[in-house]
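Fold and geometry: a report
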Amino acid sequence: MKPNIKNIAVLTSGGDAPGMNACIRAVIRTGIYNGVNMFGVMHGYQGLINNNIIPMNARSVSNIIHLGGTILKTARCLEFKTDEGMETAYQNLKSQNIDGLIVIGGDGTFTGARNFSNKYDIPVIGIPGTIDNDLYGSDFTLGYDTAINTVIEAIDKIRDTADSHDRLFFIEVMGRDSGCIALRSAIASGAEAVLLPERFTSTHELITQLELGASTKKSSSIVIVSEGHKAGGAYDIAKSVKESFNHYDTKVTILGHLQRGGSPSSFDRILGSRLGFAAVNEMLKGNTRVMVGLRGNEINTTKIEDALKNHNFKLESDLLEMTKVLSI
Ligand code: ATP
């Protein structure tokens, strides 16, 4: 049976990701098209607690599809992890007669959504929005495609200078627990080596790999270091490699937050639009506690619980092996 949902609120939470605005636009307009009153919650779960919930119309989301970041802002909100914080959030939603909540974010955001919907009787739909691409149930998360393209553009530029000076560059990319950005950007930029959170690579192993390149007269080398690599970040790795490997001048670049920003790629705009559209339709069908995601080229749903249980990016050993082979 279709529930009688009249008022839906949407929020973005955790790390911002390019494509969130395209998604917000789709959520708001799909709701309005279906006769639902739509609301935006500012600053993620913090906005629920602060009652920063604003009515939105079709024009509230004009001209945002091409913008990075999120017009609703985002936040990391510790208070939402407490019973008191959740109760305040629920009372604020009730006071505005909100009868459905759509959350866009990563695994932390989904953990909050799961806990909240276990406690209170309010339908919740999740949309995977994180550059990490680490949520089970969607081949791609919103923002990942733009982020990896930003990373590749930066590496290409570094390659020009590395090659001119016979340099060895260590480039640190985002991914505390997931090496997806690191591995894919290493393949796409032709990097000589990649260090991932999911697999420990010793300095000795890395040097052996770099020596192979030096012995075949490579004029530069690029090592992609995921920020979550267990032996340390790019500076630590560069230091220990430098001690026993002096073929090149060694440099370090931390790409940092530039990986989060920028105009979303066409892929992320389309993905954001599809996921936002699907999230509202699922809610209006009476679905709850599910994440909408992309599998193959189909939009489908996964229980939030399952998306969380299986959330880690599984190391694709074949791709790692391929990176080694292609960088000889
Ligand atoms: P990203 O993957 O980009 O970091 P994320 O959604 O995983 O995004 P987090 O900072 O981990 O980002 O989580 C976002 C917010 O979700 C937290 O600030 C908090 O408000 C909420 N949250 C996380 N864990 C819980 C929890 N156990 N209970 C309630 N709320 C939670």
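Residues numbered from 1 in each chain as written. Predicted model: local features only at pLDDT ≥ 70, side-chain atom pairs only at ≥ 80, totals over all residues. Heavy atoms only, no water.

1. Thoughts on the packing of aromatic side chains
If you walk through the whole model with that rule in mind, you get six aromatic pairs. Between tyrosine 45 and phenylalanine 80, the aromatic rings sit 3.9 Å apart at their centres with planes inclined by 0 degrees, giving stacked as the arrangement. In this pair, tyrosine 45 sits in helix H2 (residues 44-49) while phenylalanine 80 sits in the loop between strand E3 (53-56) and helix H3 (83-95), placing the two residues 35 residues apart along the sequence. Note on accessibility: tyrosine 45 and phenylalanine 80 belong to one class, buried. Note on phenylalanine 140 and phenylalanine 267: the rings are 5.2 Å apart at their centroids and 75 degrees apart in plane angle, and the pair reads as edge-to-face. Taken as a pair, phenylalanine 140 in the loop between strand E5 (124-128) and helix H5 (144-165) and phenylalanine 267 in helix H9 (residues 266-285) lie far apart in primary sequence, 127 residues in all. One aromatic cluster in this structure is built from Tyr45, Phe80, Tyr90, Phe116 and Tyr120. One Lys or Arg, arginine 295, reaches over the ring of tyrosine 136 and ends 5.4 Å from the middle of that ring. (Phe/Tyr/Trp six-rings, centres within 6.5 Å; stacked < 30°, edge-to-face > 60°. Helix = DSSP H or I, 4+ residues; strand = E, 2+ residues; numbered from the N terminus. Buried < 20%, exposed > 50% of the residue type's maximum accessible area, 1.4 Å probe, protein only. Lys NZ or Arg CZ within 6 Å of the ring centre and 35° of its normal.)

2. Notes on the site of the ligand
Taken together, 18 residues lie near the ligand, and Arg76, Cys77, Asp107, Gly108 and Thr109 sit nearest. At 2.6 Å, a backbone N or O of cysteine 77 approaches an oxygen atom of the ligand. A distance of 2.5 Å separates an oxygen atom of the ligand from a polar atom in the side chain of threonine 109. About the coverage of the ligand: the protein hides 85% of its 620 Å² of free accessible area. Across the shell around the ligand, the residue classes break down as four nonpolar, ten polar and four charged. (Near = heavy atom within 4 Å. Polar contact = N/O pair within 3.5 Å; in protein donor to acceptor, adjacent residues only side chain to side chain. Areas by Shrake-Rupley, 256 points an atom, 1.4 Å probe, with all protein chains shown as cover. Nonpolar A, V, L, I, M, F, W, Y, C, P; charged D, E, K, R; others polar.)

3. Let's talk about the environment of tyrosine 33
With respect to the helices and strands, the residue tyrosine 33 is situated in helix H1 (residues 20-33). Its relative accessible area of 74% is what places tyrosine 33 among the exposed residues. Along the sequence, tyrosine 33 and phenylalanine 169 sit 136 residues apart, while their C-alpha atoms lie 51 Å from each other.

4. Comments concerning the packing of H1 against H9
At a minimum axis separation of 7 Å, H1 and H9 run at an interaxial angle of 35 degrees. As for how H1 packs across H9, the hand of that crossing is right-handed. Where H1 approaches H9, its residues Ala22, Cys23, Ala26, Val27, Thr30 and Gly31 are matched on the opposing element by Arg269, Gly272, Ser273, Gly276, Phe277, Val280 and Asn281. Of the residues that constitute the contact of H1 with H9, the class distribution is six nonpolar, six polar and one charged. (Axes fitted to C-alpha atoms, helices over the stretch in contact; angles between N-to-C directions. Left-handed = near helix turned anticlockwise from the far one by under 90°. Contact = heavy atoms within 4.5 Å.)

5. Section: the domain arrangement of the protein chain
Per the domain assignment, the segments of the protein chain are domain 1 (7-143 + 264-309) and domain 2 (145-260). For domain 1 and domain 2, the distance between their C-alpha centres works out to 34 Å. At the junction of the two partners, domain 1 supplies 13 residues and domain 2 supplies ten residues. Summed over both sides, the interface between domain 1 and domain 2 buries roughly 1,000 Å², with carbon and sulfur atoms accounting for 50% of that surface. Counting the contacts that link domain 1 with domain 2 gives zero salt bridges. (Domains from an automatic or database assignment. Buried area = accessible area lost by both parts, 1.4 Å probe. Salt bridge = Lys/Arg side-chain N within 4 Å of Asp/Glu carboxyl O.)

6. Digging into the pairing of strand E11 (residues 298-303)
Here strand E10 (residues 290-295) runs beside E11; their pairing, made up of six bridges, is antiparallel. The partner of glycine 293 across the bridge, within E11, is asparagine 300. Hairpin connection, E10 to E11: the antiparallel pair is bridged by two residues, and glycine 296 has positive phi, about 65 degrees. (Pairing = 2+ DSSP bridges.)

7. A closer look at the nonpolar core
Core analysis: the largest hydrophobic core is formed by 58 residues, its most contacted members being Ile8, Ile102, Ile127, Ile171 and Ile224. Each of domain 1 (7-143 + 264-309) and domain 2 (145-260) gives at least three residues to this core. Residues contacting isoleucine 102, with those up to four places away along its chain left out, are Ile8, Ala9, Val10, Leu11, Val27, Ile125, Ile127, Ala279, Val280 and Met283. Judged by nonpolar contacts, the second largest core, of 28 residues, contains Phe39, Phe80, Phe110 and Leu308. (Core = buried A, V, L, I, M, F, W, Y, C linked by side-chain atoms within 4.5 Å.)

8. Section: H9
Look at H9: 28 Å from first C-alpha to last across 20 residues, which is about the 28 Å you get at 1.5 Å a residue. Of all the residues in H9, the buried ones are Asp268, Leu271, Gly272, Leu275, Gly276, Ala278, Ala279, Val280, Glu282, Met283 and Leu284. Positive backbone phi, approximately 105 degrees, marks glycine 286, located one or two places after H9. (Expected span 1.5 Å × (residues − 1).)

9. A few points about unusual backbone geometry
Although it is not a glycine, aspartate 166 sits at a positive phi angle of roughly 55 degrees. The residue aspartate 166 is located in the loop between H5 and strand E6 (167-173) in this model.

10. Section: the pattern of salt bridges
A side chain of one charge can pair with a side chain of the opposite charge when the charged atoms of the two come close. For the structure on display, the rule yields ten salt bridges. The partner of aspartate 83 in a salt bridge is lysine 119, and the shortest N-O contact between them spans 3.5 Å. Residue aspartate 83 is located in helix H3, and its partner lysine 119 is located in helix H4 (residues 107-119); the two are separated by 36 residues in the primary sequence. The partly exposed category is assigned to lysine 119, whose relative accessible area is 42%.

11. Some points on the packing of helix H7 (residues 203-215) against helix H8 (residues 234-244)
The N-to-C vectors of H7 and H8 enclose an angle of 65 degrees; their axes lie 10 Å apart at closest approach. Handedness of the crossing formed by H7 with H8: right-handed. Contact with H7, carried on its side by Thr203, Leu206, Ile207 and Leu210, involves Ile237, Ser240, Val241 and Ser244 of H8 and no other residues of that element. Its residues assigned to classes, the contact of H7 with H8 comprises five nonpolar, three polar and no charged.

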